[in-house]
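Chain and residue survey
Read off the chains here:
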Amino acid sequence: MTVSLPLVFVLGVIAWAAIKFLGVRLWVAVVIALFGFWLSQTFLAPAIETGTRTGVDVVDGTDK
């Protein structure tokens, strides 16, 4: 069975769990999210995308 979830939903659940169970403050979660959006518009974006895709391939077992 394959379940398809939007990435925003998954990240939202992770953020909620971090705030609820790890004691992360809401403003810290917001700053991290905003920093992520800012970082995606810099010259580091291609390296981040390549690293993310490689990590997903390793987890999925589809690496070559």
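Before reading on, note that the structure itself is shown above.
In what follows, the accompanying structure is described. (Residues numbered from 1 in each chain as written. Predicted model: local features only at pLDDT ≥ 70, side-chain atom pairs only at ≥ 80, totals over all residues. Heavy atoms only, no water.)

**Considering the overall build of the chain**
Where we set the bar: Each helix is a run of DSSP H or I of at least 4 residues and each strand a run of E of at least 2, with the numbering of both proceeding from the N terminus. Here the globule rule is a power law, 2.2 Å times the number of residues to the power 0.38, and the radius of gyration is based on C-alpha atoms. Three exposure classes are used, based on accessible area relative to the maximum for each residue type with a 1.4 Å probe and protein chains only: buried under 20%, partly exposed in between, and exposed over 50%. Values of accessible area rely on a 1.4 Å probe in the Shrake-Rupley scheme; residue burial ignores everything except the protein chains shown. The convention is simple: Lys and Arg are positive, Asp and Glu are negative, and His and the chain ends are not counted. Lysine's charge is taken at NZ, arginine's at CZ, aspartate's at CG and glutamate's at CD.
When you go through the chain residue by residue, the secondary structure sums to three helices and zero strands. Going from N to C terminus, the chain has its helices and strands arranged as α-α-α. Relative to a compact globule of 64 residues, whose C-alpha radius of gyration would be 11 Å, the chain shows 15 Å and is clearly more extended. C-alpha atoms of the chain, sized along the principal axes, occupy 40 × 35 × 20 Å. Every one of the 64 residues in the chain was classed for burial, and the buried ones make up 3%. Of the roughly 5,900 Å² of accessible surface on the chain, a fraction of 72% belongs to carbon and sulfur atoms. Counting 4 positive and 4 negative side-chain charges, the chain places the centres of these two groups 16 Å from one another.

**Observations concerning the packing of aromatic side chains**
Short version of the rule: Between the rings of Phe, Tyr and Trp (Trp by its six-membered ring), a pair exists once the centres lie within 6.5 Å; its type follows the angle of the planes, with under 30 degrees stacked, over 60 edge-to-face, and the other angles tilted.
Scanning the model with the defined rule gives two aromatic pairs in all. With 5.7 Å between their ring centres and 85° between their planes, Trp16 and Phe21 make a pair best called edge-to-face. Classification of Phe21 by relative accessible area gives exposed; the value is 59%. Measuring from ring centre to ring centre gives 5.5 Å for Phe35 and Trp38, while their planes differ by 35°; the resulting arrangement is tilted. Here Phe35 and its partner Trp38 are both found in helix H2 (residues 26-39), three residues apart, which amounts to about one turn of the helix. Residue Phe35 is classed as partly exposed on the basis of its relative accessible area, which comes to 48%. For Trp38, a relative accessible area of 53% corresponds to the exposed category.

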